[in-house]
Every structure is written in structure tokens, then in C-alpha cells.
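Listed below, chain by chain, are the residues.
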Amino acid sequence: MFVLTLMADTIRIPPQLLSSPTATSVQTEIEKRYPNKIIMDVGLVICPYGPPLEIGHGMLVPADGGAHHQVIFQCLVFRPFVGEVLIGTVTESNEAGIKVSVGGFFDYVFIPAYWMLNPSTFDASTGLWVWTPDYGDDGGGSGEEDGEERRTNGGHLDAGPVDATPGEDEEDEGGRFEMEVGATIRFRVKSVNFTRITTTMKGVQATTSTTSHASGRAYGLNGSSHAGAGGRGDDHGEEDGAVRRRRSSSDLSDADKHPAPMHIVGSICEDGLGLLSWWQAADEDEEEHGEEEGREEDGGGHPLELANNGGL
């Protein structure tokens, strides 16, 4: 989730800081410029890590009283890898999916409807997504295959979510799991997207760089490919690597809202993913059931047998 990134930049030291030690002035300017900044294809910078590694000689620019130094330094960056499991908080729910906040500092996580546990429906009366598992159907499945089948080109559902209305829900409350706003949720990262917005002669343009999983491939903890020595994780096809990267452009001249510079697409369509309260309750039930079985085994003998063994 957090990585150390080596960066190089030209840091300007203003005239009022020229009397201080150069290393101190450079560190001060880095701390002003980089924290809480999203860098394209890098991630969200949390803070600089340690002092600068290398500081070049100061350069003077005409009509500028500051000194410009070439600096190499490290930063702590938030950038989850594809396939990583994270824990966040549900902040919003609508027909398209749910929005999640991670750690209270990153709010651009979206879990679309086609990456929900199957079967899940949107309850229009409460404005919440509801998971209603079918315990009697072993072949229903809730894995990634369901999410892939339910997607179409452009990332839309084949059929829209079913709205549940009061009076139609005849299911037992024990089989109805609502994804409440404010609840803690566990999800898997499916893709990390960076968007750069520029103004050109044609209007406002958005260039999006997406890092996602190539289907049918294994991946390591760092998102690297297991394709062997000859494998490559680039745009030359899904056969060469587990992680693929692609770029796309779109026109935002008529758009009311611009996309976030960094956003993550998540998935909960696997066992163990979803609200933590769902699986914690299941674990507690299993523990209670195991304790009851243990008590029955300990005290389930016949009274005569217990008497002969000195138990009475």
C-alpha cells in the first residue's frame, strides 16, 4: 500500500531562506511542495522520507532572487498494487456501486455493481446495496468469473440492478446483508487509474493511465508477473505479463465534473471480502459451535461409566 519512491526535481530556495543551511532550506521547500500531492503514474505523496540524498550546486536565474538546486530525495507514496486487499469505510451508495474511503485520507475508491458479491441488489427504499446469498445453490458462485460475465464493453452491466421495494422482500433477515454507510469493508484492488487533465486548442482533454490485472494470470505480492524470464508486463498483450497498463483519452469540454487525478476500482466478489461484520459473525458462530461440541464430548458419557471411572 505504501512504497518508497526516488524522485528528482529542481527545488527553488527563496531569498529569505538563503541564510539558512542549504540542506535545511531544501527540506523545508520539499515539505511544502510534495505532501498530499498526486503525481501521475506514481501515487499520492504522503511525506518526504529522510533528508535529501543529493543536492546539486545552486543556479541563479535572471530576474529571480532565489537559488535553484537539482535535488534527489525519497518520498513515502500511497499506491496499492493490483490484487492487494485493503480495508476502508463505506462513504456513499448509489445504483452504480459504492464509494469507499481508505484511512480517512484517500476517498477515491469505487466498487462498481459488477464487482459486488453475487447476488447483490440495490434497495431503492434504503439507498443501500444488499447481498442476499443463496445457501442452497452451491453452483451460484460469487467469484471473479461472475464479475467478468456481468460486464460489457465500457464497464456497464448487462442488466441494471434490481430495485427492491417494501413488501417484495420475503427473505429471512438472516440472509439479508446490507452494506451500510459508515461500515468497515474489505475489498481487493482491481485497477489503479491516473488521470491528467490538460487544456488544448480542442478543449479540455483527459488522459487516463490504467494499471489492471491481465485475466487468467497469477501475480505476486508486488504485482509482478510469474510468466517466467521472457515475460513482460506491458501493452504487448495479456500473454506476456500479469499486470497490464494502457492509456486512453477523452474530451471533457462538455463535462460537468472532472475525474479525480487518482482513483481505485475495487472488488468484493470473493469469499472473505465485504463488510467485516459479516465474516466476524460467522467466525463467532463457528467458535460457539465448536465449544458446544467440546462440552458434549466432555460431559456426554453415561452416568454409570462416569461412576466406574470415578467421575461421580
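Residues numbered from 1 in each chain as written. Predicted model: local features only at pLDDT ≥ 70, side-chain atom pairs only at ≥ 80, totals over all residues. Heavy atoms only, no water.

1. Thoughts on the sheet that holds strand 11 (residues 128-131)
Logical step 1: Judged by pairing direction, the sheet is antiparallel, and its three strands sit side by side in the order 10-11-12 without closing on themselves. Only two strands of the sheet have a single partner each, and these edge strands are strand 10 (120-123) and strand 12 (177-179). Shown here is a sheet whose adjacent strand axes are inclined to one another by a mean of 30°, direction ignored.
Logical step 2: As paired strands, strand 11 and strand 12 are joined by three bridges and run antiparallel to one another. Of the residues in strand 12, the one forming a bridge with Trp129 is Met179. (Pairing = 2+ DSSP bridges. Helix = DSSP H or I, 4+ residues; strand = E, 2+ residues; numbered from the N terminus. Axes fitted to C-alpha atoms, helices over the stretch in contact; angles between N-to-C directions.)

2. Section: the pairing of strand 9 (residues 106-112)
Logical step 1: Note: strand 8 (residues 97-102) against strand 9, five bridges, orientation antiparallel. Counterpart to Ile98 in the pairing with strand 9 is Ile111.
Logical step 2: In sequence, strand 8 turns back onto strand 9 through a hairpin of three residues, with Gly103 there showing a positive phi of about 65°.
Logical step 3: Across two bridges, the pairing between strand 9 and strand 16 (residues 262-267) is parallel. Following the sheet pairing, Val109 is matched in strand 16 by Ile264.

3. Structural notes on the nonpolar core
Logical step 1: By size, the foremost hydrophobic cluster in this structure holds 31 residues, and its most contacted members are Ile98, Ile111, Met179, Ile185, Phe187 and Ile268.
Logical step 2: Those elements that provide at least two residues to this core are strand 7 (85-94), strand 8, strand 9, strand 11, strand 12, strand 13 (184-200) and strand 16.
Logical step 3: With five residues, strand 13 is the largest single contributor of residues to this core.
Logical step 4: Aside from chain neighbours lying at most four places away, what touches Ile268 is Ile111, Trp115, Met116, Leu117, Met179, Ile185, Arg186, Phe187, Leu273 and Gly274.
Logical step 5: By size, the runner-up hydrophobic cluster in this structure holds eleven residues, among which are Ile11, Val45, Val71 and Cys75. (Core = buried A, V, L, I, M, F, W, Y, C linked by side-chain atoms within 4.5 Å. Buried < 20%, exposed > 50% of the residue type's maximum accessible area, 1.4 Å probe, protein only. Contact = heavy atoms within 4.5 Å.)

4. Quick word on the confidence of the model for the protein
As a note on interpretation, predicted positions should not be read in detail where pLDDT is low.
Logical step 1: This prediction gives the protein a mean pLDDT of 75; 63% of its residues lie at or above 70.
Logical step 2: Per-element mean pLDDT across the protein ranges from 45 in helix 4 (residues 303-308) up to 96 in strand 6 (residues 67-78).
Logical step 3: The low-confidence segment residues 138-142, where pLDDT is below 50, has nine contacts with residues more than four positions distant or belonging to other chains.
Logical step 4: Considering only residues more than four positions removed or in separate chains, one finds that residues 216-241, a stretch of pLDDT under 50, has 42 contacts. (pLDDT = per-residue confidence, 0-100.)

5. Examining unusual backbone geometry
Logical step 1: With an omega dihedral of 5°, the bond running from Asn118 to Pro119 counts as a cis peptide bond.
Logical step 2: Its location among the elements puts Pro119 in the loop between strand 9 and strand 10.
Logical step 3: The phi dihedral of Asp41 is positive, around 65°, even though this residue is not glycine.
Logical step 4: With respect to the helices and strands, the residue Asp41 is situated in the loop between strand 2 (37-39) and strand 3 (43-48).

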